[in-house]
Amino acid sequence: MHRFFVRPEAIGGDEVVLQKQAHQIRDVLRLKAGEHIVVLDDEGFEYETDLTAVSRGEVKGKIVEKREASGEPDVQITLYQSMLAREKFEWVLQKCTEVGVTRFVPVISTRTLMRSCGIKANKLARWRRIIQEAAEQSHRGKLPDLSPPTAFDKAIDDIEGSKRSLIASPEAGGENLRDCLKGYDGSRGVALFVGPEGGFTKEEVQRCAERGAVAFSLGKRILRTETAAVMASGLILYELGELEG
Ligand code: SAM
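Residues numbered from 1 in each chain as written. Predicted model: local features only at pLDDT ≥ 70, side-chain atom pairs only at ≥ 80, totals over all residues. Heavy atoms only, no water.

## Comments concerning the overall build of the protein chain
Argument step 1. The helix and strand tally for the protein chain stands at seven helices and 14 strands.
Argument step 2. Whereas a compact globule of 245 residues would reach a radius of gyration of roughly 18 Å, the protein chain reaches 20 Å, a difference of no more than 12%.
Argument step 3. Along the first, second and third principal axes, the C-alpha atoms of the protein chain reach 60 × 40 × 30 Å.
Argument step 4. Burial status across the protein chain gives 46% buried among its 245 residues.
Argument step 5. Taking the intrachain contacts of the protein chain between residues at least 6 apart in sequence as the baseline, contacts between residues at least 24 apart amount to 72%.
Argument step 6. Of the roughly 12,700 Å² that the protein chain leaves accessible, carbon and sulfur atoms contribute 47%.
Argument step 7. Averaging the locations of the 36 positively and 38 negatively charged side chains of the protein chain gives two centres separated by 6 Å. (Helix = DSSP H or I, 4+ residues; strand = E, 2+ residues; numbered from the N terminus. Rg over C-alpha atoms; globule rule 2.2 N^0.38 Å. Buried < 20%, exposed > 50% of the residue type's maximum accessible area, 1.4 Å probe, protein only. Contact = heavy atoms within 4.5 Å. Areas by Shrake-Rupley, 256 points an atom, 1.4 Å probe, with all protein chains shown as cover. Lys, Arg positive; Asp, Glu negative; His and termini not counted. Charge placed at Lys NZ, Arg CZ, Asp CG, Glu CD.)

Put into structure tokens, the structure is as follows:
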């Protein structure tokens, strides 16, 4: 069944009215009245819906069942991802949404190729679309949040003592993720920092550590940064019991 995030005002009683997705439903997917879709309210609930009217610019449906969306993790990971080349960054947004990241903060660090935090509105909108499509596909119940690009110095201000903050650093001789997360129930979330292609500088790792972040290793092999982001997010969720069937 096709899944669509809608604005809260699209749902009224047992009726749903979709306008933004009308073209996709009618002309691309060629769905007709009588067929079923799932509508997501971005608050963790999904609504199985029978289409009642499909026309140009507007689709209406009747809700037949409301239930909690099953794909939303309890543990909230914020991924502080150093900016990468366009396709790689978009790949990280897509795959980490599927895996279960809750918030993305693109970071400008010393070795990122992109030097400015300024970004065109259409690029942010494109990134949000990628996240939305991945969230719909992977049965998430809430759309991961996306912050505008943020300077490393500002991003590390977010590291709070009570939240578990981790920085992926192959050179720091760090702990493995299992040891980093031992005894932690995940309830205050996890802040995960992943470096750019050239890695974090020693000083950056040091400054994160001074604020309470723990440097961790993903083993002896050096991974591409996008691989590290997906793998670390998945392993954190696994260690915190979020990948049960
Ligand atoms: N020579 C660079 C360095 O030592 O940082 C390699 C950078 S690696 C290609 C890009 C990013 O992916 C790193 O900054 C780190 O965040 C993450 N990463 C890659 N392999 C890793 C590993 N084995 N352990 C921890 N982090 C890793």
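## Description of the sheet that holds strand β1 (residues 3-5)
Argument step 1. As summarised here, the arrangement of the six strands in space is β1-β4-β5-β6-β3-β2, forming an open sheet in which the pairing is mixed. If you trace the sheet from one side to the other, it starts and ends with β1 and β2 (11-12), each paired once.
Argument step 2. As paired strands, β2 and strand β3 (residues 15-18) are joined by two bridges and run antiparallel to one another. Paired with Gly12 across the bridge in β3 is Glu15.
Argument step 3. In the packing of helix α3 (residues 121-137) onto the sheet, contacts are made with β1 and β4 (36-40), and the angle to β1 comes to roughly 135°. (Pairing = 2+ DSSP bridges. Axes fitted to C-alpha atoms, helices over the stretch in contact; angles between N-to-C directions.)

## Let's talk about the site of the ligand
Argument step 1. Looking at the ligand, there are 20 residues lining it, with Ala168, Gly195, Leu218, Arg221 and Leu223 nearest.
Argument step 2. Between an oxygen atom of the ligand and a main-chain N or O atom of Ala168, the distance comes to 2.6 Å.
Argument step 3. Contacts to the ligand include Gly219, whose backbone N or O atom sits 3.1 Å from a nitrogen atom.
Argument step 4. Here the ligand has 560 Å² of accessible area as a free molecule, and 89% of this is covered by the chains.
Argument step 5. Taken together, the residues of the shell around the ligand break down into 10 nonpolar, seven polar and three charged. (Near = heavy atom within 4 Å. Polar contact = N/O pair within 3.5 Å; in protein donor to acceptor, adjacent residues only side chain to side chain. Nonpolar A, V, L, I, M, F, W, Y, C, P; charged D, E, K, R; others polar.)

## Things to note about the nonpolar core
Argument step 1. Core analysis: the largest hydrophobic core is formed by 35 residues, its most contacted members being Leu79, Phe216 and Ile236.
Argument step 2. A per-element tally of this core places helix α7 (residues 225-239) first, with six residues.
Argument step 3. Beyond its immediate chain neighbours, meaning those up to four positions away, Phe216 contacts Leu166, Ile167, Ala168, Ser169, Gly174, Glu175, Leu177, Cys180, Leu192 and Ala232. (Core = buried A, V, L, I, M, F, W, Y, C linked by side-chain atoms within 4.5 Å.)

## Considerations on the domain arrangement of the protein chain
Argument step 1. Partitioning the protein chain into domains gives domain 1 (2-68) and domain 2 (77-239).
Argument step 2. For the pair domain 1 and domain 2, the summed buried area comes to about 740 Å², and 54% of that belongs to carbon and sulfur atoms.
Argument step 3. On the domain 1 side of the interface with domain 2, the three residues burying the most area are Arg3, Phe5 and Asp42, jointly 72% of the side's total.
Argument step 4. Run the count over domain 1 and domain 2 and you get zero salt bridges.
Argument step 5. Broken down by element, the residue count for the side of domain 1 that touches domain 2 peaks at three residues, all from β1. (Domains from an automatic or database assignment. Buried area = accessible area lost by both parts, 1.4 Å probe. Salt bridge = Lys/Arg side-chain N within 4 Å of Asp/Glu carboxyl O.)

## Description of the environment of Gln132
Argument step 1. Considering the arrangement of structural elements, one finds Gln132 in helix α3.
Argument step 2. What makes Gln132 buried here is its relative accessible area of 18%.
Argument step 3. For Gln132 and Leu93, which are 39 residues apart along the polypeptide, the C-alpha to C-alpha distance reads 9.9 Å.
Argument step 4. Not counting chain neighbours up to four residues away, the residues in contact with Gln132 comprise Phe5, Lys20, Gln21 and Leu143.

## Observations concerning the pairing of strand β13 (residues 190-194)
Argument step 1. In terms of burial, β13 is a largely internal element, five of the five residues being buried.
Argument step 2. In β13, alternate side chains face the same way, and those of Val190, Leu192 and Val194 on one face and Ala191 and Phe193 on the other are all buried.
Argument step 3. Direction of pairing for strand β7 (residues 77-82) relative to β13: parallel, over a ladder of five bridges. Its bridge partner lying in β13, Leu79 is registered against Leu192.
Argument step 4. Relative to β13, strand β11 (residues 164-168) runs parallel, the two being bridged by four bridges. Considered in β13, the bridge of Ser165 is made with Ala191.

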